[in-house]
Amino acid sequence: MTTSSASKVRVRFAPSPTGSLHIGGLRTALFNYFFARSRGGTFVLRIEDTDQTRFVRDAERNILSGLAWVGIRPDEGSREGGEFGPYRQSQRQALYALYAQQLIDEGHAYYAFDTLDEIDVMRERHASEGDPSPQYDAVTRGEMTNSLVLPGEEVQRRLERGDEYVIRLKADPGGRITFRDHIRGRVSFSTSGIDDQVLIKSDGMPTYHLANVIDDHDMRITHVIRGEEWLSSVPKHILLYRAFGWEPPEMAHMPLIMNPGGKGKLSKRHAAAQGLPVTVEQCRQAGYEPEAVVNFLALLGWHPGEDRELFTLDEMTELFSLDRVSGGGVQFDVRKLNWFNQQYVRGFSVDELLERAEFWLRGLHSASTVDLFKDEARQRRIASLMQPRIAFAKDLAETGGYFFEDPAAYDETAVGKRWKEDSAELLSVYADRLEAASAFDAEQAEAILRALAEERGAGAGRIIHPVRLAVSGVPGGPSLFEMMEVLGKDVCARRIRKAVEVLG
RNA sequence: GCCGCGUUCGUCUAGGGGUCCAGGACGCCGGCCUUUCACGCCGGUAACACGGGUUCAAAUCCCGUACGCGGUACCA
């Protein structure tokens, strides 16, 4: 029944609009996207907004902008439309109702009128009798209030009267459901463990399971690639596919991203406690480059088949294959993410780096005491001086803040180590000579300094280190003389004098 | 509890019967370079969960145990 030859690959990313796009969700989207593109297929975005209690207004926009940030856009979806729309489940309610009715008519589903409390009572009773996992299923439904036990007229009466009801799947035990998962191989469940899953909730909305099966079929989805948390609901879905007489799509359940330390699924709470970015928004605010986030996420559970680790979106798309995805949960290691970011920052052209840093540089502008922003050549100079020593574009403004503002303080340990008895005097003379010099550039600054050192019979380091401190406030950084050239004679002299005054 | 999935250096992983006294990357440590800090380069540390099989041979196949994770909702 697999008419494989002609069927074009279609996958979907189906998030629930309940908050910001989580990086786990982004990774799922990415894998779907890679798979679709690598097979010349279509990537669909479907919004699963069937839980009205958890709905968050801006979530859909947040999801779209998160995807856009990393450079992927759906081929079909809630925004871009497509021939299988609408792509929001809340707008497809009529369709689900129709199919649910079909299941009832054909004996695969039934009405249930029990209240939540009544179900709880049933569960407690069975639990106290030793049933390890009492559920609403083939063994308990006989004692509940539903269209399987009520006479037909009574069911009619209740429906007409407007009683609350849900529609449940009639899941019968005694079988075994086996399916092939692209990542895990053969997976098998006994039907005895499957409950009579609610398909239509009392508010008329479908549950995930019903909507998902109907939509995947209706939207001609060929491959379902999603997180492992869905693996155990596959049997329910297969029961539904069978009831409808449909061929299930192929499955691939990805390993979950775990908290550092491996304790549970990566959660916002846990991550926040450690200051880890866990939503796309947070990554962005923390200054991560989208390329780094994508690259990092892609390699969490997937191996490209070669030792290289830096890939563009297109390269990953080309290399992607589901059977190179492993099955075990993976921990979120922010240090590796940082390394990826550093790799990208270092690989940017100077102009690109400046562009990525623009947002943070602008933040400095107002407080700036050195007007370097007008001079693009200088900006480029600073960027190339700083590029090999930063991991984030924003460090141009932060770590490299001394290029734009006089140091407000001097690194204490460095002062203790480098600021000697004679520093003040040496630096004063150096400042004098700098100001008196006819020309000022890196070479000049260095020549003057070395001449002074020789004259005093001191090592150049005796002056270099205190000057660096005076000029930047910190012990590390680019070549001192290049830095001085960029800053200019006046700024250097001013900063040196200031340090002499402050540090004595 | 029950059901399912998983388990190679601290982390991400390669490997799928002999080429593995296990390879790469992050991290960490050391060295070179540099009168700073980085980059870069060189080197080092560190793993097949455990127990039984199968086999001439097992990290690789089978079984069991342990541990971890997921599911067990009118949430997705």
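Residues numbered from 1 in each chain as written. Chains lettered and ligands numbered in written order. Predicted model: local features only at pLDDT ≥ 70, side-chain atom pairs only at ≥ 80, totals over all residues. Heavy atoms only, no water.

### So, the pairing of strand β1 (residues 10–13)
Inclusion rule: Between buried and exposed lies partly exposed: a residue is buried under 20% and exposed over 50% of the maximum accessible area for its type, with that area taken using a 1.4 Å probe on protein chains only. The numbering of helices and of strands both runs from the N terminus, where a helix is a DSSP run of H or I of at least 4 residues and a strand a run of E of at least 2. If the strands point away from the viewer and the path from the first strand over the helix to the second runs clockwise, then the crossover is right-handed.
Side chains Arg10 and Arg12 of β1 all project onto a buried face; the interleaved residues Val11 and Phe13 project onto the opposite face, where all are buried too. Considered for its hand, the β-α-β crossover made up of β1, helix α1 (residues 23–38) and strand β2 (residues 42–45) is right-handed.

### Here we look at the packing of aromatic side chains
For clarity, the threshold we go by: Each aromatic pair joins two rings of Phe, Tyr and Trp (for Trp, the six-membered one) with centres within 6.5 Å, and gets the label stacked for planes under 30 degrees apart, edge-to-face for over 60, and tilted for any other angle. Placement of a charge over a ring requires the Lys NZ or Arg CZ to be within 6 Å of the ring centre, with the centre-to-atom vector within 35 degrees of the ring normal.
Tallied over the full model, the rule gives 19 aromatic pairs. Measuring from centroid to centroid gives 5.1 Å for Phe359 and Trp360, while their planes differ by 90°, and the two rings are edge-to-face. Residues Tyr402 and Phe403 carry aromatic rings whose centres are separated by 5.2 Å and whose planes lie at 35° to one another, so their mutual orientation is tilted. For the pair Tyr402 and Phe403, one class covers both residues: buried. Through a chain of ring-to-ring contacts, three or more aromatic side chains come together here, namely Phe31, Tyr33, Phe34, Phe43, Trp302 and Phe320. The ring of Phe113 has Arg158 sitting right over it, with the charged end atom 5.2 Å from the ring centre.

### Quick word on the domain arrangement of chain A
To keep it simple, the criterion reads: Where each domain starts and ends follows an automatic or database-derived domain assignment.
Assigned domains within chain A: domain 1 (10–78 + 212–257), domain 2 (93–200), domain 3 (348–403) and domain 4 (412–503). In this structure, domain 1 and domain 3 have C-alpha centres spaced 40 Å apart.

### Side note on the pattern of salt bridges
Where we set the bar: For this document, the term salt bridge refers to a Lys or Arg side-chain nitrogen within 4 Å of an Asp or Glu carboxyl oxygen.
Summed over the entire model, instances satisfying the criterion amount to 40 salt bridges. Here Asp163 ties to Arg158 by a salt bridge, and the two come within 3.8 Å at their closest N and O atoms. Residue classification places Arg158 among the buried positions, given a relative accessible area of 19%. One salt bridge in this structure joins Asp406 and Arg495, with 2.7 Å as the shortest N-O distance.

### Details of the sheet that holds strand β8 (residues 198–200)
Note the cut-off: At least two bridges found by DSSP between two strands are what make those strands a pair. Angles here are taken between N-to-C directions and fall from 0 to 180 degrees, while the axes themselves are lines fitted to C-alpha atoms, restricted in helices to the stretch in contact.
Pairing in this open sheet of three strands is antiparallel, and the strands run β4-β5-β8 from one edge to the other. Only two strands of the sheet have a single partner each, and these edge strands are β4 (109–112) and β8. This sheet shows a mean twist of 45° between the axes of neighbouring strands, independent of strand direction.

### Considering the side chain of Asp181
The following threshold applies: Charge assignment in this entry is limited to Lys and Arg as positive and Asp and Glu as negative, and neither His nor the chain termini are counted. N or O atoms within 3.5 Å of each other form a polar contact, as long as, within protein, one can give a hydrogen and the other can take it, and as long as residues adjacent in sequence are counted only when both atoms are side-chain atoms. The contact rule is simple, with two residues in contact once any of their heavy atoms fall within 4.5 Å.
Mapped onto the elements, Asp181 comes out in strand β6 (residues 176–181). In this structure, Asp181 is buried with no salt-bridge partner, the nearest side chain bearing the opposite charge being Arg184 at 4.3 Å. Only 2.7 Å separates the side chain of Asp181 from the side chain of His253, close enough to count as a polar contact. Not counting chain neighbours up to four residues away, the residues in contact with Asp181 comprise Val187, Leu231, Met251, Ala252 and His253.

### Comments concerning the nonpolar core
Convention followed: Buried residues of nine kinds, namely Ala, Val, Leu, Ile, Met, Phe, Trp, Tyr and Cys, make up a nonpolar core once their side-chain atoms join them within 4.5 Å.
In terms of nonpolar packing, the biggest core is built from 113 residues, with Phe403, Tyr430, Val467 and Met484 touching the most fellow members. Of all the elements, α1 adds the most residues to this core, at nine residues. In this structure, Tyr96, Ala100, Val187 and Val234 belong to the second largest nonpolar core, which totals 39 residues.

### A short note on the packing of helix α6 (residues 208–218) against helix α7 (residues 234–244)
Each packed pair of helices is defined by two parameters, the angle between the axes and the distance between the axes. We apply this condition: Roughly parallel covers angles under 35 degrees, roughly antiparallel covers those over 145, roughly perpendicular covers 65 to 115, and oblique covers all other angles. Crossing handedness: left-handed means the near helix sits turned counterclockwise from the far one by under a right angle, and right-handed means the same turn made clockwise.
Remark: α6 packs on α7, axes separated minimally by 10 Å, with the N-to-C direction vectors making an angle of 55°. The angle between α6 and α7 falls in the class oblique. For the crossing formed where α6 meets α7, the hand is right-handed. Contact residues: α6 offers Tyr208, His209, Leu210, Asn212, Val213, Ile214 and Asp216, while α7 offers Lys236, His237, Leu240, Tyr241 and Phe244.

### Digging into a negative patch on the surface
The criterion, for reference: Patches here are clusters of residues that have more than 30% relative accessible area and form no salt bridge, with a 9 Å joining cutoff for like charges and a 5 Å cutoff for nonpolar side chains (Val, Leu, Ile, Met, Phe, Trp, Tyr). The accessible surface values rely on the Shrake-Rupley method and a 1.4 Å probe; as for residues, cover is taken only from the protein chains in view. By convention, the charge on Lys lies at NZ, on Arg at CZ, on Asp at CG and on Glu at CD.
A grouping of Asp117, Glu118, Asp120 and Glu124 is seen on the molecular surface, where their side chains present a negatively charged patch. Relative to the assigned elements, Glu118 resides in helix α4 (residues 116–128).

### Some words on the pairing of β6
Residues Ile177, Phe179 and Asp181 line the buried face of β6, whereas the alternating positions Arg176, Thr178 and Arg180 sit on a face that is not buried. The sheet contact formed by β6 and strand β7 (residues 185–190) spans six bridges and is antiparallel. Residue Ile177 lies in a different strand from β7, and its bridge partner there is Phe189.

### Regarding the side chain of His223
Summarising the element assignment, His223 is placed in strand β9 (residues 223–227). When its relative accessible area of 6% is taken as the criterion, His223 is described as buried.

### Some thoughts on helix α5 (residues 152–161)
One turn of the α-helix equals 3.6 residues, which is why residues spaced by three or four share an orientation. The test is simple: Note: the arc covers the axis-to-C-beta directions of the helix.
Among the residues of α5, those classed as buried are Glu154, Val155 and Arg158. When α5 is viewed along its axis, its buried side chains cluster within an angular range of 100° and face the same direction. Turned more than 90 degrees from where α5 packs its buried face, Glu153 and Glu160 sit exposed. Looking at the buried positions of α5, the neighbouring elements they touch are β4.

### Observations regarding the environment of Leu322
Relative to the elements of secondary structure, Leu322 occurs in the loop between α11 (313–319) and β12 (330–331). Leu322 sits 19 residues away from His303 along the chain, and the two C-alpha atoms are 9.8 Å apart. Non-local contacts of Leu322, meaning those with residues more than four positions away in its chain, are made with Phe35, His182, Ile183, Ile225 and Ala252.

### What to know about α4
Let me state the cut-off plainly: Expected helix span is taken as 1.5 Å per residue step, with the number of steps being one fewer than the number of residues.
In this model α4 runs 18 Å from its N-terminal to its C-terminal C-alpha over 13 residues, within 8% of the 18 Å that 1.5 Å per residue would give. Turning to α4, its buried residues are Ile119, Met122 and His126. Looking down the long axis of α4, one finds its buried residues gathered within 60° of arc, a one-sided arrangement. Along α4, exposed side chains directed more than 90 degrees from the buried face belong to Leu116, Asp117, Glu124 and Ser128. Buried residues along α4 sit against β5 (166–169). Gly130 lies just past α4 and shows a positive phi near 100°.

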